[in-house]
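Descriptive analysis of the structure
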Amino acid sequence: MLTLFDTALGRPCPLEPRDAGRLGIYLCGPTVSGEPHLGHGRVTVTWDILRRYLAWSGLDVRFVSNVTDIEDKVIARAAEEHRPVEEVAARYEALWWQVMDELGVLRPDATPHATEFVGQMVAAVAELLDRGHAYEGGDGVYFSTSSVPGYGLLAHQDLATLRAGARVEASEEAAKRSPLDFVLWKLAKPGEPWWPSPWGRGRPGWHTECVVMSLGLLGEGFDLHLGGLDLAFPHHENERAQALALGRAFARHWAHNGLVVDERGEKMSKSVGNITSLPDLLRSYDPRALRLVVLGARYRSPMDVSPQALAHARGALENLDSFARETRDLPPAEPDPGTLAGFRQHMDDDFDTPGALAVIFGAVRAARADRARAPALAAAVRTCCQDALGLPLRGAEEALGKEVADLVARRDAARRRRDWAEADSIRARLVALGYVVEDTPAGTSLHRQH
RNA sequence: GGCGGCGUGGCCGAGUGGUUCAGGCAAGGGCCUGCAAAGCCCUGUACACCAGUUCGAUUCUGGUCGCCGCCUCCA
C-alpha cells in the first residue's frame, strides 16, 4: 500500500481507502482566466502520475477536479478583453484541456464547474448562517474562522498566531470581523455577473465551491484531497473549516506538491513576472520531457523547470526511446517481477518517483547486458513507463515521406556498393532534415531528433 | 515576528551511522563501426560551516551562515 506524506498530520501515512479497493480523489483545478503555466503543469502531471500508478496497482480510482469559471480574475479578464465572462471562461478552459491532452494528463472522471453548483453553494452558505458560522457583512456573507475548532490544522498554526501574521486588505477590513475570515457570497457590483440569493444578487466565494463539489461528487470522508502547496493555506484550510462547520466529514488525507521555482530558486508567480506559459513551452519541448522532469524530483520538493532541466530530460528521454527501438522486436514476455517489485517499493514509499526511475534505468542497463532476460526486462520497463507513469516510449519506426524514403533507399544502395562518399552525403542531408541516422544490420534507421 | 522546508560530486537529484554502488544528464578515455550514430566498459572519491555524541557521521544532537515557501490572489 502506498504511503503518502499527509499535510494535516505532518508525517507519512498509509493511504487506506474508505471503501476497499476504491479511492476517491479531489484535485483543485484551474481558474480559467488565462493561459496555463508551468505551475499548473507540475500539479496536473504530478497527480496524473499518482492517479495512473494507483489505477495500475489495481485500485478503482475516481478522480474529480473542478474548473473555476466564475471568480474575480475571470471577471477582470473579461473586462480587459471587453468580452462576456462566459466566453472568456470557455475559451481558456478549451485551451486548458488542449494543453492537458498534449501533456498526456488523463481527463478527470468528473469536472464540476463552479457555475453548475451555485444553487448548492447558496444552500451551503444558508446552512452556515443557520449554524452560526457565518455572518452578513456590508458587501456579502463571511465565514467566521474563529467559530470552528482547530482552524489552522493545515498551516500547523493556531488561530491567534495566524491572525498575528495576517495582512489586512483595506477594502475588506470594514466587512470582516477577523482578517482571517473569508467571503462565502459576494454581492455583485453593477455590470458583474450574478445569481439570486437570500442575501441579494451575487456570486459564490472561491473557497466554497470545492467543499460543495468534492462532498457532492465523492461523498463524505473521501480519500484524498490534492493541490499545490500554496493552496494548503488558506484555500484548503477554509474548505475544511466549512465542511467542519457543516458537520460533514471531509478529506481523510491531504497531499500537496512543491512549487515550481525559477533558476534563482524563487517561486514562479505572476507578480514576480517569472512565469512560463505551457503553450509556449510545448512549442519547444516534447511534453514527455516535462513529465520526466517532474518524475526526476520528489513531489514535495521545489522544482526547477529551466531550459537546462528540460534539456537534461530530453537526453534521458532519448536513452529510453532508443531502448524502446532496440527492444521493439523482442518476443512478448511477462514483465520482470524483480523490476516491478523494486519499482513499486519506491512508488509506495511516499511516491518516490526518482527512486522508481532509477529502477527503470537499472532494468534498461540489465536488458542491454543480458539478451536472455531482455524480453522480460523490456516488458517491465514498458509497463512501468507507459502504464504506471504515463510516459509513452517511442519505439516505432517513423512513417517517412516519399522524399525521405527515397534518400534512405539511395543511401542503402550506396552503402551496399561501398560508396562511402555518397552514403555520407545523403546522411548529411537527412541530418539536416532533422533525423538521427543509425546504421543497423537491416539498413538505415531514422528517428526524429526531439 | 510565527510556522514549515532546504543546502550532496560539472549540473539535476536520491539515500544511509561504518567495508561496494543511487539514478539521470554532461565530460574524458577505450571497445564496436567504412566513418558515424546507438550501445557497452572504465574514470570523478560529493555531502554549507562549527562544535558535540560515537570506536566511527554526509547520515544523530546543538549552534552558525545562506536560501526558499506559507501567514494576501496563486497550482
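Just above sits the structure.
Residues numbered from 1 in each chain as written. Chains lettered and ligands numbered in written order. Predicted model: local features only at pLDDT ≥ 70, side-chain atom pairs only at ≥ 80, totals over all residues.

1. Observations concerning the overall build of chain A
- Broken down by element type, chain A carries 16 helices and 14 strands.
- Within chain A, the proportion of its 450 residues that are buried is 41%.
- Relative to all contacts within chain A whose residues are 6 or more apart in sequence, the contacts with residues 24 or more apart total 72%. (Helix = DSSP H or I, 4+ residues; strand = E, 2+ residues; numbered from the N terminus. Buried ≥ 20, exposed ≤ 12 C-beta atoms within 10 Å, placed from the backbone. Contact = placed C-beta atoms within 7 Å.)

2. Focus: the environment of Glu 116
- Assignment of secondary structure puts Glu 116 in the loop between helix 3 (85-103) and helix 4 (118-130).
- Judged by the 14 C-beta atoms lying within 10 Å of it, Glu 116 is partly exposed.
- Each C-alpha atom of the pair Glu 116 and Pro 302 lies 35 Å from the other, and the pair is 186 residues apart in sequence.

3. Focus: the sheet that holds strand 4 (residues 60-65)
- Within the open sheet, the four strands sit side by side as 4-3-9-10. Their pairing is parallel. Sheet topology places strand 4 and strand 10 (253-257) at the edges, where each strand pairs with a single neighbour. Averaged over all neighbouring strand pairs, the angle between strand axes comes to 20 degrees, with direction disregarded.
- Strand direction decides the pairing type here: strand 9 (residues 224-228) and strand 10, joined by five bridges, are parallel. The residue bridging Gly 227 from the neighbouring strand is His 256, located in strand 10.
- Sitting on the sheet, helix 7 (residues 206-218) is in contact with strand 3 (22-27), strand 4 and strand 9, with an inclination near 155 degrees to strand 4. (Pairing = 2+ DSSP bridges. Axes fitted to C-alpha atoms, helices over the stretch in contact; angles between N-to-C directions.)

4. Notes on the protein's contact with RNA strand B
- Near RNA strand B there are 68 residues, and of these Gly 39, Gly 165, Gly 228, Gly 315 and Ala 316 occur at the shortest range.
- Considering every element that reaches the surface near RNA strand B, the biggest residue donor is helix 13 (residues 353-369), with nine residues.
- Partitioned by chemical class, the residues of the surface near RNA strand B number 32 nonpolar, 22 polar and 14 charged. (Near = placed C-beta within 6 Å. Nonpolar A, V, L, I, M, F, W, Y, C, P; charged D, E, K, R; others polar.)

5. Points about the nonpolar core
- Among the nonpolar cores identified, the biggest contains 112 residues, and Ile 25, Val 125, Leu 184, Ile 360 and Val 381 are the most heavily contacted of them.
- The dominant element in this core, judged by the number of residues it contributes, is helix 14 (residues 374-388), at 10 residues.
- If we ignore the near neighbours within four places in the chain, the residues touching Ile 360 are Phe 343, Val 381, Cys 384 and Cys 385. (Core = buried A, V, L, I, M, F, W, Y, C linked by C-beta atoms within 7 Å.)

6. Quick word on unusual backbone geometry
- Cis rather than trans, the peptide bond between Phe 233 and Pro 234 has omega equal to 0 degrees.
- Relative to the elements of secondary structure, Pro 234 occurs in helix 8 (residues 232-245).
- A positive phi angle, close to 55 degrees, is found at Asp 350, a residue other than glycine.
- By the element assignment, Asp 350 lies in the loop between helix 12 (337-348) and helix 13.
- Residue Asp 350 is classed as partly exposed on the basis of its 18 C-beta neighbours within 10 Å.

7. A closer look at helix 2 (residues 72-81)
- When helix 2 is considered as a whole, its buried residues turn out to be Val 74, Ile 75 and Arg 77. Viewed end-on, helix 2 has its buried residues packed into an arc of 160 degrees, placing them on one side of the element.
- Trailing helix 2 by a residue or two, His 82 shows a phi angle of about 55 degrees, which is positive. (Arc of directions from axis to C-beta.)

8. Notes on the packing of helix 15 (residues 402-416) against helix 16 (residues 420-432)
- Contact geometry for helix 15 and helix 16: axes closest at 8 Å, N-to-C directions at 155 degrees. Between helix 15 and helix 16, the crossing angle belongs to the class labelled roughly antiparallel. Helix 16 is crossed by helix 15, and the crossing has left-handed handedness. Of the residues in helix 16, those in contact with Leu 407, Arg 410, Arg 411, Ala 414 and Arg 415 of helix 15 are Glu 422, Ala 423, Ile 426, Arg 427, Arg 429 and Leu 430.
- In the contact of helix 15 with helix 16, the residues fall into five nonpolar, no polar and six charged. (Parallel < 35°, antiparallel > 145°, perpendicular 65-115°, else oblique. Left-handed = near helix turned anticlockwise from the far one by under 90°.)

9. Looking at the sheet that holds strand 8 (residues 202-204)
- Reading across from one edge, 5-6-7-8 is the order of the four strands in this open sheet, with antiparallel pairing throughout. Lying at the two open borders of the sheet, with one neighbouring strand each, are strand 5 (134-137) and strand 8. Sheet twist, expressed as the average angle between the axes of neighbouring strands with direction ignored, equals 25 degrees.
- Here strand 6 (residues 140-143) runs beside strand 7 (residues 182-187); their pairing, made up of four bridges, is antiparallel. Within strand 7, the position partnered with Val 141 by the bridge is Trp 185.

10. Notes on the pairing of strand 4
- In terms of strand pairing, strand 3 meets strand 4 through six bridges, oriented parallel. Following the sheet pairing, Tyr 26 is matched in strand 4 by Val 64.
- On the question of chirality, the crossover connecting strand 3 to the parallel strand 4 by way of helix 1 (residues 38-56) is right-handed. (Right-handed = clockwise from strand over helix to strand, strands pointing away.)

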